[in-house]
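The chain contents come next:
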Amino acid sequence: MNRRGLLAGILAAPASVTSAHGQDERALGEGRRAYGERAVAVRSQRYFASSITPGTGASRTPLQDTHGIITPSALHFERHHSGVPDIDADRHAIMIHGLTHRALSFSVADLRRLPSVSRIHFIECAGNSGREHKGNPGETAQKSHGLVSCSEWTGVLLSTLLTEAGVHSEARWVVAEGADAGRHSRSIPLEKAMTDVLVAYAQNGEPIRPEQGYPVRLVVPGWEGNVNVKWLQRLQLATTPAMSRDEAASYTDLMPDGRARQFSFEMDVKSVILRPSGGQRLSGPGFHEISGLAWSGRGKVAKVEVSADGGLSWRLATLQQPVLDRSLTRFTAPWQWDGGGAHLLSRATDETGDRQPARDEVIAVRGMNEGPDGFNHYNGIKAWHVLPGGEVSHV
Ligand SMILES: Nc1nc2c(c(=O)[nH]1)N[C@H]1C(S)=C(S)[C@@H](COP(=O)(O)O)O[C@H]1N2
Ligand SMILES: [Mo]
């Protein structure tokens, strides 16, 4: 049908055809859906914790409502310490300086002219699931594990920019700085910077969302969220790390002997069951598919095991394709619920052989001390309790 025919068809449609917004279809101009919206009945949303200091921010992804491995951009978790800056992309530039043969400045348009790559990676806040360590777990998967999300990121490899600038032989670190009010800064070893770090300008096929770092952010595959500097404006080549506030006062791990571990870049292997999970109710005994997400900052997920009896017996879950390097990985397992009480657990193993530990195992190594921003890098096994009536609660 040509366009005129299509419009005529719409005009001829019965008056009872209404849009998802309850308006008469005929009253809608073509432009009304120029940028699409989800169905009105779909209400899933990010959760904003009230305990966060005003002016800073965090919102959590409703992981329990997601399918597959990609997080819709509108539901990607947010974590920032100084608000979301309003940046004019046409005037924004990234400066590369320090131990380089020449200082360079790239506008966003310059970046878009360079060879591009698209990669699917998760970003996880170092503090994600940290409350589990304390024994004060979140009641829902969103509250306990919602500081992880996964997007397709498009941009330029940082190595491309560094090669353009020419790195001095004595340079060992790249200090990345954001354009937000707090000038969030992290130092990245040159070796990592030259391997797989992305200077990203797009997320899931469109420009990065303001909360995710518009117009440009670093994506540092597998490394703790705060190294993925948003609103990137400066890269300085140096012989030593900058020891910025964000890597000295914050984001170090206080160990049992009172010393702080620094730097703990890689996110450890982790998994969480999302259906069923806390706050949900099983509709009735019989078949249910257990569905969850697993990930590792060290590579691909090799296997996920699930238990319905609190860890007495384990079964291999199916890994849904694709299974990608440092991406969320969807796992599923068939389950017959007999209508009684059950304890659901999942544990992931990555391709390096690292297996997700029990909470006791984490505490044996890390103790109960926590730093100024809580307990970072907690990756213990998460349990959900199915009650005889079908209600699912946290343990
Ligand atoms: N410039 C800047 N970058 C930042 C932050 C920030 O406050 N400012 N927060 C970091 C933290 S703590 C995390 S967990 C990730 C979160 O990325 P997201 O908000 O896109 O999910 O961004 C990191 N990058
Ligand atoms: Mo974070």
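Each chain has its residues counted from 1, following the order in which its sequence is written. Chains and ligands are labelled by the order in which they are written, letters from A for the one and numbers from 1 for the other. With the structure being a predicted model, the display of local features is reserved for residues of pLDDT at least 70 and the display and counting of side-chain atom pairs for 80 or more, all residues being used for whole-chain, interface and lining totals. Side-chain numbers here rest on the full set of heavy atoms in the structure, without hydrogens or water.

### Things to note about the state of the cysteines
Now for step 1: In plain terms, two cysteine sulfur atoms within 2.5 Å form what is called a disulfide here. For the structure on display, the rule yields zero disulfides.
Now for step 2: Left unpaired, Cys150 is separated from the closest cysteine sulfur, that of Cys125, by 16 Å.

### Description of the pairing of strand E7 (residues 148-157)
Now for step 1: Each residue is assigned to one of three classes by its accessible area relative to the maximum for its type, calculated with a 1.4 Å probe on protein chains only: buried under 20%, partly exposed between the two thresholds, exposed over 50%. Runs of H or I in DSSP of at least four residues are treated as helices and runs of E of at least two as strands, each being numbered from the N terminus. Summarising burial for E7: nine of the ten residues are buried, a large majority.
Now for step 2: Note: strand E6 (residues 117-124) against E7, eight bridges, orientation antiparallel. Residue pairing for E7: Phe122 is matched across the bridge by Cys150.
Now for step 3: The sheet contact formed by E7 and strand E10 (residues 198-203) spans five bridges and is antiparallel. Each bridged residue has a counterpart across the sheet, and for Gly155 the counterpart in E10 is Ala200. Only when DSSP finds a minimum of two bridges between them are two strands counted as paired.

### Structural notes on the packing of aromatic side chains
Now for step 1: Planes of paired rings set the category: under 30 degrees apart is stacked, over 60 is edge-to-face and the rest tilted, where pairs are Phe, Tyr or Trp rings (Trp by its six-membered ring) whose centres lie within 6.5 Å. Scanning all chains against the criterion turns up four aromatic pairs.
Now for step 2: Taken together, a centroid distance of 4.1 Å and an interplanar angle of 10 degrees make the contact between Trp223 and Phe265 stacked. You can see Trp223 sitting in the loop between strand E12 (217-219) and strand E13 (232-238) and its partner Phe265 sitting in the loop between strand E15 (260-261) and strand E16 (270-275), a full 42 residues away along the chain.
Now for step 3: Residue class for Trp223 comes out buried when judged on its relative accessible area of 9%.
Now for step 4: An aromatic cluster of three or more residues is present, and its members are Trp173, Trp223, Phe263 and Phe265.

### What to know about the confidence of the model for the protein
Now for step 1: Overall, the predicted model of the protein reaches an average pLDDT of 92, with 90% of residues at or above 70.
Now for step 2: Residue-level confidence of the predictor is what pLDDT reports, using numbers from 0 through 100. Per-element averaging of pLDDT across the protein places helix H1 (residues 3-12) at the bottom with 41 and strand E18 (residues 301-307) at the top with 99.
Now for step 3: Contact between two residues is taken to exist if any of their heavy atoms lie within 4.5 Å; hydrogens are not considered. The low-confidence segment residues 1-22 (pLDDT under 50) makes 18 contacts with residues lying over four places distant or belonging to another chain.

### Digging into unusual backbone geometry
Now for step 1: Here the bond from Gln262 into Phe263 is cis, since omega is -5 degrees, no more than 30 degrees from zero.
Now for step 2: In this structure, Pro322 follows Gln321 across a cis peptide bond, with omega equal to 0 degrees.
Now for step 3: Note that Pro322 resides in the loop between strand E20 (318-319) and strand E21 (329-337).
Now for step 4: One non-glycine residue, Tyr251, adopts positive backbone phi at about 55 degrees.

### Quick word on the side chain of Arg217
Now for step 1: With respect to the helices and strands, Arg217 occurs in strand E12.
Now for step 2: Summary of buried charges: Arg217 has no salt-bridge partner, and the nearest side chain of opposite charge, Glu211, is 10 Å away.
Now for step 3: Here Asn228 takes part through its backbone oxygen, which lies 3.1 Å from a polar atom of the side chain of Arg217. The charged-residue count follows a simple rule in which Lys and Arg add positive charge and Asp and Glu add negative charge, with His and chain termini not counted at all. Each salt bridge in this description consists of a side-chain nitrogen of Lys or Arg and a carboxyl oxygen of Asp or Glu lying within 4 Å of one another. Nitrogen and oxygen atoms within 3.5 Å of one another constitute a polar contact, given that in protein one can donate a hydrogen and the other can accept it, and given that sequence-neighbouring residues count only through two side-chain atoms.

### Notes on the pattern of salt bridges
Now for step 1: With the rule as written, the count across this model stands at 23 salt bridges.
Now for step 2: Linked through salt bridges whose partners overlap, the residues forming this network are Lys192, Asp196, Asp325 and Arg326.

### Topic: the sheet that holds strand E2 (residues 57-60)
Now for step 1: Pairing is antiparallel across the open sheet formed by three strands, whose spatial order is E1-E2-E3. Every interior strand has two partners, whereas the edge strands, strand E1 (47-48) and strand E3 (78-80), have only one.
Now for step 2: Strand direction decides the pairing type here: E2 and E3, joined by three bridges, are antiparallel. For Ala58, the partnering residue across the bridge sits in E3 and is Arg79.

### Describing the site of ligand 1
Now for step 1: Residues in close proximity to ligand 1 total 20 residues, the closest being Phe77, His81, Asp180, Arg217 and Lys230.
Now for step 2: One of the side-chain N or O atoms of His76 is found 3.2 Å from an oxygen atom in ligand 1.
Now for step 3: One of the side-chain N or O atoms of His81 is found 2.7 Å from an oxygen atom in ligand 1.
Now for step 4: Note that accessible areas follow from Shrake-Rupley with a 1.4 Å probe, and for residues the cover is restricted to the protein chains shown. For ligand 1, whose accessible area on its own is 530 Å², the fraction buried by protein is 100%.
Now for step 5: Of all the elements, E3 adds the most residues to the shell around ligand 1, at three residues.
Now for step 6: Ten residues, namely Ala, Val, Leu, Ile, Met, Phe, Trp, Tyr, Cys and Pro, are considered nonpolar, four, namely Asp, Glu, Lys and Arg, are considered charged, and the remaining ones, Gly among them, are considered polar. Here the residues of the shell around ligand 1 are counted per class, giving five nonpolar, nine polar and six charged. Only heavy atoms are used to decide nearness, and a residue is near a molecule or strand if one of them lies within 4 Å of it.

### Let's talk about the domain arrangement of the protein
When the parts of a complex come together, some accessible area is lost, and that lost area is often taken as the interface size.
Now for step 1: Just so you know, the domain bounds were taken from an automatic or database domain assignment. Assigned domains within the protein: domain 1 (78-256) and domain 2 (270-393).
Now for step 2: Once you take the C-alpha centre of each, domain 1 and domain 2 turn out to be 28 Å apart.
Now for step 3: The partner domain 2 presents 32 residues to the 36 residues of domain 1 that form the contact.
Now for step 4: Joining two parts hides part of their accessible area as seen by a 1.4 Å probe, and the buried area is that hidden amount summed over both. Carbon and sulfur atoms make up 55% of the area that domain 1 and domain 2 hide from each other, which totals about 2800 Å².
Now for step 5: Along the contact surface separating domain 1 from domain 2 lie four salt bridges.
Now for step 6: A salt bridge links Lys134 to Glu370, with the shortest nitrogen-to-oxygen separation between them at 3.9 Å.
Now for step 7: On the surface where domain 1 and domain 2 come into contact, there are 19 residue pairs in polar contact (both at pLDDT 80 or more).
Now for step 8: Among the elements of the structure, E6, helix H3 (130-134), helix H4 (141-145), E7 and strand E14 (253-254) are those that each provide at least two residues to the side of domain 1 that touches domain 2.
Now for step 9: A class-by-class count of the residues in the side of domain 1 that touches domain 2 yields 13 nonpolar, 15 polar and eight charged.

### Focus: the sheet that holds E13
Sheets are built from strands that pair by backbone hydrogen bonding, the pairs being arranged parallel or antiparallel.
Now for step 1: In spatial order, the strands read E5-E4-E13-E8-E9; together these five strands make up an open sheet with mixed pairing. Either end of the sheet is taken by a strand with one partner, and the two such strands are strand E5 (104-107) and strand E9 (185-189). Going across the sheet, the axis of each strand differs from the next one's by a mean of 20 degrees, ignoring polarity.
Now for step 2: As paired elements, strand E4 (residues 93-98) and E13 share four bridges and run parallel to each other. Note on method: axes are straight lines fitted to C-alpha atoms, helices fitted across the in-contact stretch only, with angles between N-to-C directions ranging 0 to 180 degrees.

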